[in-house]
Amino acid sequence: MKVKIELSGGLELLFDKKKVHEIEFADKNEIPLKDLILYMRDNLLKERSELFVVDDTVRPGILVLINDADWELFGGISYNVEDKDTIIFISTLHGG
(Lines give C-alpha, C1' and ligand atoms only; values in the text may rest on other atoms or scores of the structure.)
Protein backbone atom coordinates (compact mmCIF):
# COMPACT_ATOMS: atom_id res chain seq x y z
CA MET A 1 0.00 0.00 0.00
CA LYS A 2 1.33 3.43 -0.95
CA VAL A 3 0.23 6.71 0.61
CA LYS A 4 1.16 10.23 -0.44
CA ILE A 5 1.57 12.82 2.32
CA GLU A 6 1.59 16.54 1.50
CA LEU A 7 2.53 19.22 4.04
CA SER A 8 2.09 22.99 3.80
CA GLY A 9 1.53 26.14 5.82
CA GLY A 10 4.92 25.71 7.48
CA LEU A 11 4.48 22.08 8.58
CA GLU A 12 7.05 21.01 6.01
CA LEU A 13 9.70 22.77 8.12
CA LEU A 14 9.16 20.18 10.85
CA PHE A 15 9.58 17.35 8.34
CA ASP A 16 13.07 18.13 7.02
CA LYS A 17 11.65 20.87 4.75
CA LYS A 18 10.03 18.26 2.49
CA LYS A 19 6.54 19.08 1.27
CA VAL A 20 5.79 15.63 -0.15
CA HIS A 21 6.46 12.21 1.37
CA GLU A 22 5.63 8.89 -0.25
CA ILE A 23 5.15 6.11 2.29
CA GLU A 24 4.82 2.42 1.51
CA PHE A 25 3.42 -0.17 3.89
CA ALA A 26 4.19 -3.44 2.13
CA ASP A 27 2.33 -5.61 4.62
CA LYS A 28 -0.94 -3.61 4.82
CA ASN A 29 -4.00 -2.90 2.64
CA GLU A 30 -5.16 -0.08 4.90
CA ILE A 31 -4.00 1.70 8.03
CA PRO A 32 -5.97 3.79 10.54
CA LEU A 33 -5.28 7.49 10.05
CA LYS A 34 -4.35 7.71 13.73
CA ASP A 35 -1.61 5.11 13.16
CA LEU A 36 -0.37 6.99 10.09
CA ILE A 37 -0.12 10.21 12.10
CA LEU A 38 1.83 8.42 14.85
CA TYR A 39 4.06 6.80 12.20
CA MET A 40 4.77 10.27 10.79
CA ARG A 41 5.58 11.59 14.27
CA ASP A 42 7.92 8.68 15.04
CA ASN A 43 9.62 8.28 11.64
CA LEU A 44 9.38 11.47 9.57
CA LEU A 45 9.14 14.36 12.02
CA LYS A 46 12.53 15.95 12.65
CA GLU A 47 11.69 18.43 15.42
CA ARG A 48 9.05 19.78 17.82
CA SER A 49 6.45 17.02 17.74
CA GLU A 50 4.13 19.14 19.91
CA LEU A 51 3.57 21.41 16.89
CA PHE A 52 2.12 18.47 14.95
CA VAL A 53 0.62 15.95 17.41
CA VAL A 54 -1.26 16.46 20.67
CA ASP A 55 -2.97 13.53 22.44
CA ASP A 56 -2.37 11.14 19.51
CA THR A 57 -4.10 13.32 16.92
CA VAL A 58 -3.12 16.39 14.93
CA ARG A 59 -2.87 19.59 16.86
CA PRO A 60 -5.83 22.00 16.65
CA GLY A 61 -5.21 24.45 13.82
CA ILE A 62 -4.03 21.82 11.35
CA LEU A 63 -6.43 21.11 8.51
CA VAL A 64 -6.46 17.54 7.26
CA LEU A 65 -7.68 16.64 3.78
CA ILE A 66 -8.19 13.13 2.47
CA ASN A 67 -8.03 13.08 -1.33
CA ASP A 68 -8.79 16.83 -1.34
CA ALA A 69 -11.83 16.61 0.98
CA ASP A 70 -12.15 17.54 4.66
CA TRP A 71 -11.31 14.56 6.86
CA GLU A 72 -14.51 15.09 8.87
CA LEU A 73 -16.44 13.82 5.82
CA PHE A 74 -14.59 10.52 6.23
CA GLY A 75 -14.88 10.14 10.01
CA GLY A 76 -11.82 12.17 11.00
CA ILE A 77 -9.14 10.35 12.95
CA SER A 78 -11.03 7.02 12.62
CA TYR A 79 -10.65 6.93 8.82
CA ASN A 80 -8.80 3.92 7.39
CA VAL A 81 -6.21 5.16 4.90
CA GLU A 82 -6.23 3.09 1.72
CA ASP A 83 -3.83 2.41 -1.12
CA LYS A 84 -3.08 5.50 -3.26
CA ASP A 85 -4.78 7.93 -0.84
CA THR A 86 -3.33 11.43 -0.58
CA ILE A 87 -3.40 12.93 2.90
CA ILE A 88 -2.75 16.67 3.12
CA PHE A 89 -1.85 18.49 6.33
CA ILE A 90 -2.11 22.31 6.25
CA SER A 91 -1.11 24.40 9.24
CA THR A 92 -3.17 27.49 9.94
CA LEU A 93 -0.90 28.38 12.88
CA HIS A 94 1.46 31.26 12.16
CA GLY A 95 3.71 33.31 14.39
CA GLY A 96 3.43 37.04 14.56
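Note that the structure is a prediction, hence the values are computed from the model and not measured.

Chemist: Even after reading the chapter, I still don't get the sheet that holds strand β1 (residues 2-8), so can you show me in this structure?
Modeler: In sheet architecture, strand pairing relies on hydrogen bonds along the backbone and comes in two forms, parallel and antiparallel. In spatial order, the strands read β2-β1-β9-β6-β7; together these five strands make up an open sheet with mixed pairing. For this open sheet the edge positions go to β2 (20-24) and β7 (69-70), each flanked by a neighbour on one side alone. For β1 and strand β9 (residues 86-91), the ladder comprises five bridges, and the chain directions are parallel. Among the inter-strand pairings, E6 is bridged to a residue of β9, identified as I88.

Chemist: Help me understand the environment of I77, please; the structure alone is not making it clear to me.
Modeler: With respect to the helices and strands, the residue I77 is situated in the loop between β7 and β8 (80-82). With a relative accessible area of 28%, I77 lands in the partly exposed category. When the C-alpha atoms of I77 and I5 are compared, they prove to be 15 Å apart, with 72 residues separating the residues in sequence.

Chemist: In this structure, what is going on with the environment of T92? I would like to understand it.
Modeler: Among the structural elements, T92 can be located in the segment after β9. Sequence separation between T92 and V64 is 28 residues; the distance between their C-alpha atoms is 11 Å. Beyond its immediate stretch of four places on either side in the chain, T92 contacts G61 and L63. Of the polar contacts made by the side chain of T92, one reaches the backbone oxygen of G61; its length is 2.6 Å.

Chemist: Is there a simple way to explain the pairing of strand β6 (residues 62-66) in this structure?
Modeler: Regular strands place their side chains on alternate faces of the sheet. Residues I62, V64 and I66 of β6 are buried on one face, while the alternating residues L63 and L65, pointing to the opposite face, are not. Here β6 pairs with β9 via five bridges, running antiparallel. Within β9, the position partnered with L65 by the bridge is I88. Inspection of the sheet shows β6 paired to β7 by two bridges, in the antiparallel sense. Within the sheet, the bridge partner assigned to L65 lies in β7 and is D70. Taken together, β6 and the strand that follows it, β7, pair antiparallel across an intervening segment of two residues, in which N67 is found at a positive phi of about 50°.

Chemist: Explain the environment of N43 to me, please; I cannot follow it from the model alone.
Modeler: Secondary-structure assignment places N43 in helix α1 (residues 33-43). Separated by 28 residues in sequence, N43 and F15 have C-alpha atoms that sit 9.7 Å apart.

Rules used in this analysis
Residue numbering note: each chain is counted from 1, following its sequence as written. Totals for whole chains, interfaces and linings use all residues, but because this is a predicted model, local features are given only for residues with pLDDT of at least 70 and pairs of side-chain atoms are given and counted only at 80 or more. Remark: hydrogens and water are excluded; side-chain values derive from all non-hydrogen atoms of the structure. Pairing between strands requires that DSSP locate at least two bridges from one strand to the other. By the criteria applied, helices consist of DSSP H or I runs no shorter than four residues and strands consist of E runs no shorter than two, each listed in order from the N terminus. Working definition: with a 1.4 Å probe on protein chains only, accessible area under 20% of the residue-type maximum means buried, over 50% means exposed, and in between means partly exposed. Note on contacts: a residue pair qualifies if any of its non-hydrogen atoms lie within 4.5 Å across the two residues. Distance and chemistry together define a polar contact, namely a pair of N or O atoms within 3.5 Å, with one atom able to donate a hydrogen and the other to accept it when in protein, and with adjacent residues in sequence counting only for side-chain atoms on both sides.

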